[in-house]
Amino acid sequence: MSATARPSALAPFRIRNYRFQWPSDLLTSWAFEVETLVLGWYIIVQTGSVLLLTVLASLQFVGTLVAPVFGMIGDRIGHRHLLVVMRLAYTALSSTIVVLALSGHLSPLSVMIIVTIMGLIRPSDLGVRGALLADIMPAEQLVGAISVARTTQDSARIAGALTGAGLFAVLGIGLVYVAVACLYFTAALLMLCLTRPKRIVTTSNLPANSHAVSRLFGDLKEGIVYAWNGPGMRAALCVAFLANLTAFPFTGGLLPYIAREIFHTDQTGLGYLSASFAVGSLIGSITLSLVGGVRIARLLIGATLAWYAMLLVFVEVRTMPVAMACLVLAGIAQSMSMISAAVILMRTASAHLRGRVMGVRMMVIYGLPIGLLAAGSLIDVIGYSATGSLYAVAGFVAMLAIAIRWRADLWPVHAPANAR
(Lines give C-alpha, C1' and ligand atoms only; values in the text may rest on other atoms or scores of the structure.)
Protein backbone atom coordinates (compact mmCIF):
# COMPACT_ATOMS: atom_id res chain seq x y z
CA MET A 1 0.00 0.00 0.00
CA SER A 2 2.69 2.51 0.95
CA ALA A 3 4.68 1.86 -2.23
CA THR A 4 1.77 2.84 -4.45
CA ALA A 5 0.23 5.59 -2.33
CA ARG A 6 -0.09 9.04 -3.80
CA PRO A 7 2.65 11.29 -2.43
CA SER A 8 1.53 13.90 0.08
CA ALA A 9 2.49 17.53 -0.45
CA LEU A 10 2.83 17.85 3.33
CA ALA A 11 5.16 14.85 3.73
CA PRO A 12 8.37 16.97 3.88
CA PHE A 13 7.01 18.77 6.96
CA ARG A 14 7.38 15.57 8.98
CA ILE A 15 11.09 16.44 9.08
CA ARG A 16 11.69 18.86 11.98
CA ASN A 17 14.40 20.90 10.27
CA TYR A 18 12.19 21.36 7.21
CA ARG A 19 9.47 22.87 9.41
CA PHE A 20 11.92 25.67 10.26
CA GLN A 21 13.72 25.99 6.94
CA TRP A 22 10.54 26.37 4.90
CA PRO A 23 9.18 29.45 6.75
CA SER A 24 12.68 30.95 6.91
CA ASP A 25 13.03 30.59 3.14
CA LEU A 26 9.49 31.89 2.69
CA LEU A 27 10.12 35.12 4.58
CA THR A 28 13.43 35.63 2.78
CA SER A 29 11.78 35.12 -0.60
CA TRP A 30 8.99 37.53 0.29
CA ALA A 31 11.54 40.17 1.20
CA PHE A 32 13.47 39.53 -2.04
CA GLU A 33 10.39 40.01 -4.18
CA VAL A 34 9.19 43.16 -2.41
CA GLU A 35 12.68 44.65 -2.76
CA THR A 36 12.92 43.78 -6.45
CA LEU A 37 9.56 45.31 -7.30
CA VAL A 38 9.86 48.40 -5.10
CA LEU A 39 13.40 49.29 -6.19
CA GLY A 40 12.59 48.64 -9.85
CA TRP A 41 9.62 50.99 -9.68
CA TYR A 42 11.66 53.56 -7.75
CA ILE A 43 14.36 53.63 -10.45
CA ILE A 44 11.97 53.75 -13.43
CA VAL A 45 9.98 56.61 -11.80
CA GLN A 46 13.02 58.58 -10.65
CA THR A 47 15.04 58.22 -13.87
CA GLY A 48 12.62 57.09 -16.61
CA SER A 49 15.44 55.04 -18.13
CA VAL A 50 14.96 51.42 -19.22
CA LEU A 51 18.75 51.08 -19.43
CA LEU A 52 19.20 52.07 -15.77
CA LEU A 53 16.38 49.69 -14.87
CA THR A 54 18.24 46.81 -16.52
CA VAL A 55 21.46 47.94 -14.82
CA LEU A 56 19.71 47.81 -11.44
CA ALA A 57 18.32 44.35 -12.16
CA SER A 58 21.75 43.19 -13.34
CA LEU A 59 23.49 44.44 -10.20
CA GLN A 60 21.36 42.05 -8.14
CA PHE A 61 23.26 39.16 -9.74
CA VAL A 62 26.87 40.35 -9.68
CA GLY A 63 27.61 37.68 -7.06
CA THR A 64 26.72 34.79 -9.33
CA LEU A 65 30.37 34.52 -10.40
CA VAL A 66 31.46 33.92 -6.80
CA ALA A 67 28.57 31.59 -5.96
CA PRO A 68 30.85 28.51 -6.02
CA VAL A 69 32.89 30.17 -3.27
CA PHE A 70 29.77 30.44 -1.10
CA GLY A 71 29.00 26.82 -1.91
CA MET A 72 32.47 25.77 -0.83
CA ILE A 73 32.16 27.79 2.40
CA GLY A 74 28.82 26.12 3.06
CA ASP A 75 30.38 22.69 2.52
CA ARG A 76 33.04 23.57 5.09
CA ILE A 77 31.18 25.44 7.87
CA GLY A 78 27.69 24.07 7.28
CA HIS A 79 24.95 25.41 5.03
CA ARG A 80 22.75 26.35 8.02
CA HIS A 81 25.44 28.60 9.53
CA LEU A 82 26.11 30.27 6.20
CA LEU A 83 22.42 31.05 5.65
CA VAL A 84 22.17 32.65 9.10
CA VAL A 85 25.10 34.98 8.30
CA MET A 86 23.72 35.83 4.87
CA ARG A 87 20.27 36.70 6.18
CA LEU A 88 21.69 38.88 8.92
CA ALA A 89 23.65 40.70 6.20
CA TYR A 90 20.39 41.30 4.29
CA THR A 91 18.92 42.75 7.48
CA ALA A 92 21.79 45.21 7.82
CA LEU A 93 21.59 46.34 4.18
CA SER A 94 17.82 46.82 4.20
CA SER A 95 18.11 48.73 7.47
CA THR A 96 20.55 51.08 5.71
CA ILE A 97 17.89 51.87 3.10
CA VAL A 98 15.41 52.52 5.93
CA VAL A 99 17.74 55.10 7.47
CA LEU A 100 18.49 56.79 4.14
CA ALA A 101 14.85 56.90 3.08
CA LEU A 102 13.45 58.20 6.38
CA SER A 103 16.20 60.83 6.59
CA GLY A 104 15.54 62.01 3.03
CA HIS A 105 18.97 61.05 1.68
CA LEU A 106 17.98 58.12 -0.54
CA SER A 107 18.92 58.53 -4.21
CA PRO A 108 19.20 56.30 -7.29
CA LEU A 109 23.00 56.25 -6.80
CA SER A 110 22.77 55.07 -3.19
CA VAL A 111 20.23 52.43 -4.22
CA MET A 112 22.61 51.19 -6.90
CA ILE A 113 25.49 50.94 -4.39
CA ILE A 114 23.45 49.02 -1.80
CA VAL A 115 22.01 46.71 -4.46
CA THR A 116 25.55 45.98 -5.69
CA ILE A 117 26.59 44.90 -2.18
CA MET A 118 23.44 42.84 -1.80
CA GLY A 119 24.05 41.37 -5.25
CA LEU A 120 27.36 39.91 -4.08
CA ILE A 121 25.54 37.76 -1.51
CA ARG A 122 21.96 37.23 -2.60
CA PRO A 123 22.44 35.06 -5.72
CA SER A 124 23.96 32.32 -3.57
CA ASP A 125 20.99 32.12 -1.22
CA LEU A 126 18.93 29.83 -3.43
CA GLY A 127 21.82 27.44 -4.02
CA VAL A 128 22.79 27.24 -0.35
CA ARG A 129 19.21 26.61 0.74
CA GLY A 130 18.96 23.88 -1.92
CA ALA A 131 22.12 22.21 -0.60
CA LEU A 132 20.77 22.40 2.97
CA LEU A 133 17.51 20.89 1.78
CA ALA A 134 19.36 17.95 0.24
CA ASP A 135 21.24 17.51 3.55
CA ILE A 136 18.11 17.22 5.68
CA MET A 137 15.71 15.36 3.36
CA PRO A 138 15.68 11.62 2.54
CA ALA A 139 16.46 10.97 -1.14
CA GLU A 140 13.03 9.49 -1.86
CA GLN A 141 11.34 12.74 -0.72
CA LEU A 142 13.64 15.12 -2.59
CA VAL A 143 11.35 15.86 -5.57
CA GLY A 144 8.40 16.64 -3.31
CA ALA A 145 10.54 18.66 -0.91
CA ILE A 146 12.07 20.77 -3.69
CA SER A 147 8.63 21.33 -5.22
CA VAL A 148 7.14 22.45 -1.89
CA ALA A 149 10.22 24.56 -1.19
CA ARG A 150 9.72 26.22 -4.55
CA THR A 151 6.34 27.49 -3.34
CA THR A 152 8.22 29.88 -1.04
CA GLN A 153 9.48 31.77 -4.10
CA ASP A 154 6.20 31.52 -5.99
CA SER A 155 3.96 32.66 -3.14
CA ALA A 156 6.49 35.36 -2.33
CA ARG A 157 6.29 36.73 -5.83
CA ILE A 158 2.51 36.83 -5.62
CA ALA A 159 2.60 38.60 -2.24
CA GLY A 160 5.35 40.95 -3.37
CA ALA A 161 3.60 41.76 -6.63
CA LEU A 162 0.22 42.48 -5.04
CA THR A 163 1.52 44.40 -2.03
CA GLY A 164 5.02 45.72 -2.73
CA ALA A 165 4.35 48.37 -5.35
CA GLY A 166 1.01 49.32 -3.77
CA LEU A 167 2.55 49.79 -0.32
CA PHE A 168 5.31 51.83 -1.92
CA ALA A 169 2.70 54.19 -3.35
CA VAL A 170 0.81 54.46 -0.05
CA LEU A 171 3.52 54.33 2.64
CA GLY A 172 6.69 55.29 0.83
CA ILE A 173 9.89 53.33 0.45
CA GLY A 174 11.13 53.94 4.01
CA LEU A 175 8.23 52.26 5.82
CA VAL A 176 8.10 49.43 3.29
CA TYR A 177 11.75 48.72 4.04
CA VAL A 178 11.06 48.58 7.78
CA ALA A 179 8.89 45.55 7.00
CA VAL A 180 11.57 44.10 4.67
CA ALA A 181 14.23 44.33 7.41
CA CYS A 182 11.90 42.61 9.88
CA LEU A 183 11.29 39.77 7.40
CA TYR A 184 15.01 39.18 6.96
CA PHE A 185 15.68 39.24 10.72
CA THR A 186 12.87 36.80 11.48
CA ALA A 187 14.16 34.49 8.73
CA ALA A 188 17.61 34.47 10.36
CA LEU A 189 16.09 33.59 13.75
CA LEU A 190 14.13 30.70 12.24
CA MET A 191 17.26 29.37 10.58
CA LEU A 192 18.98 29.35 13.98
CA CYS A 193 16.26 26.96 15.20
CA LEU A 194 17.45 24.20 12.85
CA THR A 195 19.48 21.43 14.40
CA ARG A 196 22.81 21.05 12.66
CA PRO A 197 22.51 18.37 9.93
CA LYS A 198 24.98 15.51 10.03
CA ARG A 199 28.01 16.39 7.96
CA ILE A 200 29.96 13.97 5.85
CA VAL A 201 33.66 14.21 6.65
CA THR A 202 35.88 14.07 3.60
CA THR A 203 39.56 14.44 3.10
CA SER A 204 41.16 16.59 0.50
CA ASN A 205 43.26 15.09 -2.23
CA LEU A 206 45.79 17.87 -1.73
CA PRO A 207 48.86 17.37 0.45
CA ALA A 208 48.53 18.28 4.11
CA ASN A 209 51.12 21.04 3.81
CA SER A 210 49.40 22.81 0.91
CA HIS A 211 48.79 26.48 1.38
CA ALA A 212 45.27 27.67 2.19
CA VAL A 213 44.97 29.39 -1.18
CA SER A 214 45.92 26.20 -3.00
CA ARG A 215 43.28 24.28 -1.04
CA LEU A 216 40.71 26.94 -1.84
CA PHE A 217 41.30 26.77 -5.58
CA GLY A 218 41.54 23.00 -5.41
CA ASP A 219 38.13 22.75 -3.76
CA LEU A 220 36.60 25.17 -6.25
CA LYS A 221 38.07 23.31 -9.21
CA GLU A 222 36.84 20.00 -7.81
CA GLY A 223 33.28 21.31 -7.53
CA ILE A 224 33.22 22.94 -10.96
CA VAL A 225 34.74 19.95 -12.76
CA TYR A 226 32.43 17.56 -10.93
CA ALA A 227 29.28 19.58 -11.77
CA TRP A 228 30.27 19.99 -15.41
CA ASN A 229 31.04 16.32 -16.00
CA GLY A 230 28.25 14.61 -14.03
CA PRO A 231 25.65 12.60 -16.02
CA GLY A 232 22.86 14.98 -16.98
CA MET A 233 24.30 17.82 -14.89
CA ARG A 234 25.95 19.59 -17.82
CA ALA A 235 22.66 19.66 -19.72
CA ALA A 236 20.79 20.95 -16.65
CA LEU A 237 23.35 23.73 -16.19
CA CYS A 238 23.12 24.71 -19.87
CA VAL A 239 19.32 24.90 -19.65
CA ALA A 240 19.56 27.06 -16.52
CA PHE A 241 22.01 29.44 -18.22
CA LEU A 242 19.86 29.63 -21.34
CA ALA A 243 16.70 30.39 -19.38
CA ASN A 244 18.40 33.16 -17.42
CA LEU A 245 19.88 34.65 -20.59
CA THR A 246 16.78 34.66 -22.79
CA ALA A 247 13.61 33.97 -20.76
CA PHE A 248 13.78 35.49 -17.28
CA PRO A 249 14.54 39.07 -18.43
CA PHE A 250 10.99 39.49 -19.78
CA THR A 251 9.26 38.13 -16.68
CA GLY A 252 11.49 39.83 -14.13
CA GLY A 253 13.76 42.83 -14.53
CA LEU A 254 11.96 44.29 -17.55
CA LEU A 255 8.43 44.05 -16.11
CA PRO A 256 8.38 47.63 -14.72
CA TYR A 257 9.25 48.90 -18.22
CA ILE A 258 6.68 46.59 -19.85
CA ALA A 259 3.96 47.72 -17.44
CA ARG A 260 4.68 51.43 -17.80
CA GLU A 261 5.62 51.76 -21.48
CA ILE A 262 3.85 48.85 -23.22
CA PHE A 263 0.62 48.48 -21.24
CA HIS A 264 0.57 52.08 -19.94
CA THR A 265 -0.37 51.06 -16.42
CA ASP A 266 0.75 51.95 -12.89
CA GLN A 267 2.06 50.05 -9.86
CA THR A 268 -1.17 48.08 -9.61
CA GLY A 269 -0.88 46.85 -13.19
CA LEU A 270 2.76 45.96 -12.60
CA GLY A 271 1.63 43.93 -9.60
CA TYR A 272 -0.96 42.06 -11.66
CA LEU A 273 1.59 41.15 -14.34
CA SER A 274 4.16 39.97 -11.84
CA ALA A 275 1.56 38.06 -9.82
CA SER A 276 0.27 36.28 -12.94
CA PHE A 277 3.66 34.74 -13.63
CA ALA A 278 3.99 33.82 -9.96
CA VAL A 279 0.54 32.21 -9.83
CA GLY A 280 1.47 30.01 -12.77
CA SER A 281 4.76 29.12 -11.11
CA LEU A 282 2.94 28.22 -7.89
CA ILE A 283 0.54 25.98 -9.82
CA GLY A 284 3.49 24.20 -11.41
CA SER A 285 5.25 23.72 -8.06
CA ILE A 286 2.17 22.34 -6.32
CA THR A 287 1.42 20.04 -9.26
CA LEU A 288 4.91 18.53 -9.13
CA SER A 289 4.69 18.10 -5.35
CA LEU A 290 1.54 15.97 -5.82
CA VAL A 291 2.47 13.95 -8.90
CA GLY A 292 4.82 11.01 -8.51
CA GLY A 293 6.81 9.00 -11.02
CA VAL A 294 7.69 11.90 -13.33
CA ARG A 295 10.50 11.47 -15.84
CA ILE A 296 12.31 14.60 -14.72
CA ALA A 297 14.71 15.03 -17.66
CA ARG A 298 11.93 14.63 -20.22
CA LEU A 299 9.88 17.16 -18.27
CA LEU A 300 12.84 19.55 -18.38
CA ILE A 301 12.82 19.48 -22.20
CA GLY A 302 9.07 19.80 -22.69
CA ALA A 303 8.51 22.47 -20.04
CA THR A 304 11.35 24.68 -21.29
CA LEU A 305 10.10 24.55 -24.89
CA ALA A 306 6.57 25.42 -23.71
CA TRP A 307 7.97 28.33 -21.71
CA TYR A 308 9.55 29.89 -24.79
CA ALA A 309 6.37 29.36 -26.83
CA MET A 310 4.36 31.31 -24.24
CA LEU A 311 6.92 34.10 -24.13
CA LEU A 312 6.73 34.47 -27.90
CA VAL A 313 3.00 35.10 -27.58
CA PHE A 314 3.41 37.38 -24.56
CA VAL A 315 5.73 39.88 -26.26
CA GLU A 316 3.23 40.32 -29.12
CA VAL A 317 0.01 40.94 -27.16
CA ARG A 318 -1.11 44.38 -26.05
CA THR A 319 -4.12 43.67 -23.82
CA MET A 320 -3.63 43.06 -20.11
CA PRO A 321 -5.96 40.04 -19.66
CA VAL A 322 -4.34 38.12 -22.53
CA ALA A 323 -0.85 39.06 -21.32
CA MET A 324 -1.70 37.88 -17.81
CA ALA A 325 -2.99 34.55 -19.17
CA CYS A 326 0.23 34.08 -21.14
CA LEU A 327 2.27 34.80 -18.03
CA VAL A 328 0.30 32.24 -15.99
CA LEU A 329 1.05 29.54 -18.58
CA ALA A 330 4.67 30.66 -18.85
CA GLY A 331 4.94 30.50 -15.07
CA ILE A 332 3.70 26.90 -14.97
CA ALA A 333 6.25 25.87 -17.58
CA GLN A 334 9.05 27.84 -15.90
CA SER A 335 8.41 26.21 -12.53
CA MET A 336 8.46 22.68 -13.95
CA SER A 337 11.60 23.45 -15.95
CA MET A 338 13.63 24.91 -13.09
CA ILE A 339 12.50 22.31 -10.53
CA SER A 340 13.52 19.58 -12.98
CA ALA A 341 16.98 21.10 -13.37
CA ALA A 342 17.41 21.37 -9.59
CA VAL A 343 16.31 17.77 -9.02
CA ILE A 344 18.76 16.47 -11.64
CA LEU A 345 21.62 18.32 -9.94
CA MET A 346 20.70 17.31 -6.39
CA ARG A 347 20.04 13.67 -7.23
CA THR A 348 23.36 13.30 -9.00
CA ALA A 349 25.65 15.28 -6.70
CA SER A 350 27.66 13.62 -3.95
CA ALA A 351 26.68 14.84 -0.49
CA HIS A 352 30.02 16.51 0.30
CA LEU A 353 29.94 18.45 -2.99
CA ARG A 354 26.33 19.63 -3.03
CA GLY A 355 27.18 23.15 -1.92
CA ARG A 356 29.71 23.58 -4.70
CA VAL A 357 27.40 22.01 -7.29
CA MET A 358 24.61 24.41 -6.35
CA GLY A 359 27.18 27.21 -6.34
CA VAL A 360 27.94 26.38 -9.97
CA ARG A 361 24.18 26.33 -10.60
CA MET A 362 23.93 29.83 -9.16
CA MET A 363 26.92 30.95 -11.21
CA VAL A 364 25.05 30.31 -14.46
CA ILE A 365 22.47 32.88 -13.32
CA TYR A 366 25.02 35.35 -14.64
CA GLY A 367 23.24 34.85 -17.92
CA LEU A 368 20.44 37.01 -16.51
CA PRO A 369 22.36 40.30 -16.15
CA ILE A 370 23.90 39.69 -19.59
CA GLY A 371 20.45 39.12 -21.07
CA LEU A 372 19.00 42.13 -19.27
CA LEU A 373 21.70 44.54 -20.40
CA ALA A 374 21.54 43.29 -23.97
CA ALA A 375 17.72 43.55 -23.97
CA GLY A 376 17.84 47.11 -22.62
CA SER A 377 20.14 48.14 -25.46
CA LEU A 378 18.24 46.22 -28.16
CA ILE A 379 14.87 47.67 -27.13
CA ASP A 380 16.24 51.16 -27.76
CA VAL A 381 17.44 50.07 -31.22
CA ILE A 382 14.89 47.59 -32.66
CA GLY A 383 11.96 47.93 -30.26
CA TYR A 384 10.35 45.81 -27.57
CA SER A 385 8.45 43.30 -29.74
CA ALA A 386 11.39 42.53 -32.01
CA THR A 387 13.72 42.08 -29.03
CA GLY A 388 11.27 39.80 -27.24
CA SER A 389 10.63 37.69 -30.33
CA LEU A 390 14.37 37.39 -30.96
CA TYR A 391 14.96 36.17 -27.40
CA ALA A 392 12.08 33.66 -27.49
CA VAL A 393 12.98 32.16 -30.86
CA ALA A 394 16.69 31.97 -30.01
CA GLY A 395 15.88 30.28 -26.71
CA PHE A 396 13.55 27.75 -28.33
CA VAL A 397 16.14 26.79 -30.97
CA ALA A 398 18.95 26.57 -28.40
CA MET A 399 16.81 24.34 -26.16
CA LEU A 400 16.23 21.97 -29.07
CA ALA A 401 19.98 21.89 -29.65
CA ILE A 402 20.60 21.02 -25.97
CA ALA A 403 18.00 18.23 -26.10
CA ILE A 404 19.63 16.75 -29.22
CA ARG A 405 23.21 17.17 -27.97
CA TRP A 406 22.56 15.40 -24.64
CA ARG A 407 19.77 13.11 -25.79
CA ALA A 408 21.43 10.05 -24.24
CA ASP A 409 21.38 11.72 -20.80
CA LEU A 410 17.92 13.29 -21.01
CA TRP A 411 15.54 11.15 -23.05
CA PRO A 412 15.97 7.37 -22.41
CA VAL A 413 13.73 6.01 -19.67
CA HIS A 414 16.70 4.24 -18.04
CA ALA A 415 18.86 7.39 -17.93
CA PRO A 416 19.81 8.39 -14.34
CA ALA A 417 18.22 11.82 -14.85
CA ASN A 418 14.85 10.12 -15.53
CA ALA A 419 14.94 7.90 -12.43
CA ARG A 420 11.67 7.90 -10.51
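The following refers to the structure shown. (Residues numbered from 1 in each chain as written. Predicted model: local features only at pLDDT ≥ 70, side-chain atom pairs only at ≥ 80, totals over all residues. Heavy atoms only, no water.)

A few points about the nonpolar core
Moving on, step 1. Core analysis: the biggest nonpolar cluster contains 123 residues, and Ile258, Trp307 and Tyr384 have the highest contact counts within it.
Moving on, step 2. Top contributing element to this core by residue count: helix 14 (residues 320-348), with 15 residues. (Core = buried A, V, L, I, M, F, W, Y, C linked by side-chain atoms within 4.5 Å. Buried < 20%, exposed > 50% of the residue type's maximum accessible area, 1.4 Å probe, protein only. Helix = DSSP H or I, 4+ residues; strand = E, 2+ residues; numbered from the N terminus.)

Focus: the pattern of salt bridges
Moving on, step 1. Using the criterion set out here, one finds five salt bridges in the structure.
Moving on, step 2. Here Arg87 and Asp125 are joined by a salt bridge, their closest N and O atoms 3.1 Å apart. Placement of the pair is Arg87 in helix 4 (residues 79-102) and Asp125 in helix 6 (residues 123-136), with a sequence separation of 38 residues. For the pair Arg87 and Asp125, a shared accessibility class is recorded, and that class is buried.
Moving on, step 3. Glu261 is the salt-bridge partner of Arg260, the closest N and O atoms lying 3.7 Å from each other.
Moving on, step 4. Salt bridges sharing partners connect three or more residues here, namely Asp25, Arg87, Asp125 and Arg129. (Salt bridge = Lys/Arg side-chain N within 4 Å of Asp/Glu carboxyl O.)

A short note on a nonpolar patch on the surface
Moving on, step 1. There is a patch of nonpolar side chains on the surface, built from Leu102, Val170, Leu171, Leu175 and Val178 and spanning about 470 Å² of accessible area.
Moving on, step 2. Along the chain, Leu175 turns up in helix 8 (residues 173-192).
Moving on, step 3. The partly exposed category is assigned to Leu175, whose relative accessible area is 45%. (Patch = residues over 30% accessible without salt bridge, like charges linked within 9 Å, V, L, I, M, F, W, Y side chains within 5 Å. Areas by Shrake-Rupley, 256 points an atom, 1.4 Å probe, with all protein chains shown as cover.)

Description of the packing of helix 10 (residues 233-246) against helix 13 (residues 296-314)
Moving on, step 1. The contact between helix 10 and helix 13 brings their axes to 12 Å, and the two run at 10 degrees. Considering their axes alone, helix 10 and helix 13 lie roughly parallel with respect to each other. For the pair helix 10 and helix 13, the contacting residues are Ala236, Val239, Leu242, Ala243 and Thr246 in the first and Leu300, Thr304, Trp307 and Tyr308 in the second.
Moving on, step 2. Counted by class, the contact of helix 10 with helix 13 contains seven nonpolar, two polar and no charged residues. (Axes fitted to C-alpha atoms, helices over the stretch in contact; angles between N-to-C directions. Parallel < 35°, antiparallel > 145°, perpendicular 65-115°, else oblique. Contact = heavy atoms within 4.5 Å. Nonpolar A, V, L, I, M, F, W, Y, C, P; charged D, E, K, R; others polar.)

Digging into the side chain of Arg122
Moving on, step 1. When you line up the elements, Arg122 lands in the loop between helix 5 (108-121) and helix 6.
Moving on, step 2. Within the buried core, Arg122 has no salt-bridge partner, and the shortest N-O distance to an opposite charge, that of Glu35, equals 4.0 Å.
Moving on, step 3. Here the side chain of Arg122 touches Thr36 through a polar contact of 2.9 Å, side chain to side chain.
Moving on, step 4. Once residues within four sequence positions are removed from consideration, Arg122 is found in contact with Phe32, Glu35, Thr36, Gln60 and Tyr90. (Lys, Arg positive; Asp, Glu negative; His and termini not counted. Polar contact = N/O pair within 3.5 Å; in protein donor to acceptor, adjacent residues only side chain to side chain.)

What about the packing of aromatic side chains?
Any aromatic ring pair is given by two values, namely how distant the centres are and how the planes are angled relative to each other.
Moving on, step 1. For the structure shown, the criterion picks out nine aromatic pairs.
Moving on, step 2. Between Phe13 and Trp22, the ring centres sit 5.6 Å apart and the planes meet at 75 degrees, which makes this aromatic pair edge-to-face.
Moving on, step 3. Classification of Phe13 as partly exposed rests on a relative accessible area of 22%.
Moving on, step 4. Their ring planes at 75 degrees and their centres at 5.0 Å tell us that Phe248 and Trp307 sit as a pair that is edge-to-face. Taken together, the positions of Phe248 in the loop between helix 10 and helix 11 (255-262) and Trp307 in helix 13 put the pair 59 residues apart, joining distant regions of the chain.
Moving on, step 5. Overall, the relative accessible area of 0% leaves Trp307 in the buried class.
Moving on, step 6. A connected cluster of aromatic rings, assembled from ring pairs, spans Phe13, Tyr18 and Trp22.
Moving on, step 7. Stacked on the ring of Phe32, the Lys or Arg Arg122 has its end atom at 4.2 Å from the ring centre.
Moving on, step 8. The ring of Trp411 has Arg298 sitting right over it, with the charged end atom 4.5 Å from the ring centre. (Phe/Tyr/Trp six-rings, centres within 6.5 Å; stacked < 30°, edge-to-face > 60°. Lys NZ or Arg CZ within 6 Å of the ring centre and 35° of its normal.)

Here's the deal with unusual backbone geometry
Both trends apply: most residues other than glycine have a negative phi, and most peptide bonds are in trans.
Moving on, step 1. Positive phi values are uncommon outside glycine, yet His264 reaches one of about 50 degrees.
Moving on, step 2. Exposure remark for His264: the relative accessible area of 65% places this residue in the exposed category.

Describing the side chain of Ser335
Moving on, step 1. Along the chain, the position of Ser335 falls in helix 14.
Moving on, step 2. Residue classification places Ser335 among the buried positions, given a relative accessible area of 0%.
Moving on, step 3. Side-chain polar atoms of Ser335 contact the side chain of Ser285, separated by 2.8 Å.
Moving on, step 4. When neighbours within four sequence positions are excluded, Ser335 is seen to be in contact with Arg150, Asp154, Ser281, Gly284 and Ser285.

Looking at the packing of helix 4 against helix 8
How two helices pack is summed up by the angle between their axes together with the distance between the axes.
Moving on, step 1. Running from N to C, helix 4 and helix 8 cross one another at 165 degrees; their axes reach a closest spacing of 8 Å. Of the possible angle classes, the one that applies to helix 4 and helix 8 is roughly antiparallel. You can see that helix 4 and helix 8 cross each other, and the crossing is left-handed.
Moving on, step 2. Its residues placed into classes, the contact of helix 4 with helix 8 shows 20 nonpolar, four polar and two charged. (Left-handed = near helix turned anticlockwise from the far one by under 90°.)

Re the environment of Thr116
Moving on, step 1. Tracing the chain through its elements places Thr116 in helix 5.
Moving on, step 2. Not counting the four nearest positions on each side in its chain, Thr116 is found in contact with Leu59 and Val62.
Moving on, step 3. Of the polar contacts made by the side chain of Thr116, one reaches the backbone oxygen of Met112; its length is 2.7 Å.

Structural notes on helix 17 (residues 384-405)
Moving on, step 1. With 22 residues, helix 17 extends 31 Å between its outermost C-alpha atoms, agreeing within 8% with the 32 Å of an ideal straight helix rising 1.5 Å per residue.
Moving on, step 2. Taken as a whole, helix 17 has its buried residues at Tyr384, Thr387, Gly388, Ser389, Tyr391, Ala392, Gly395, Met399, Ile402 and Ala403.
Moving on, step 3. The inward-facing, buried residues of helix 17 contact helix 10, helix 11, helix 13, helix 16 (367-382) and helix 18 (407-410). (Expected span 1.5 Å × (residues − 1).)

In short, the description is geometric, and any link to function would need to be established separately.
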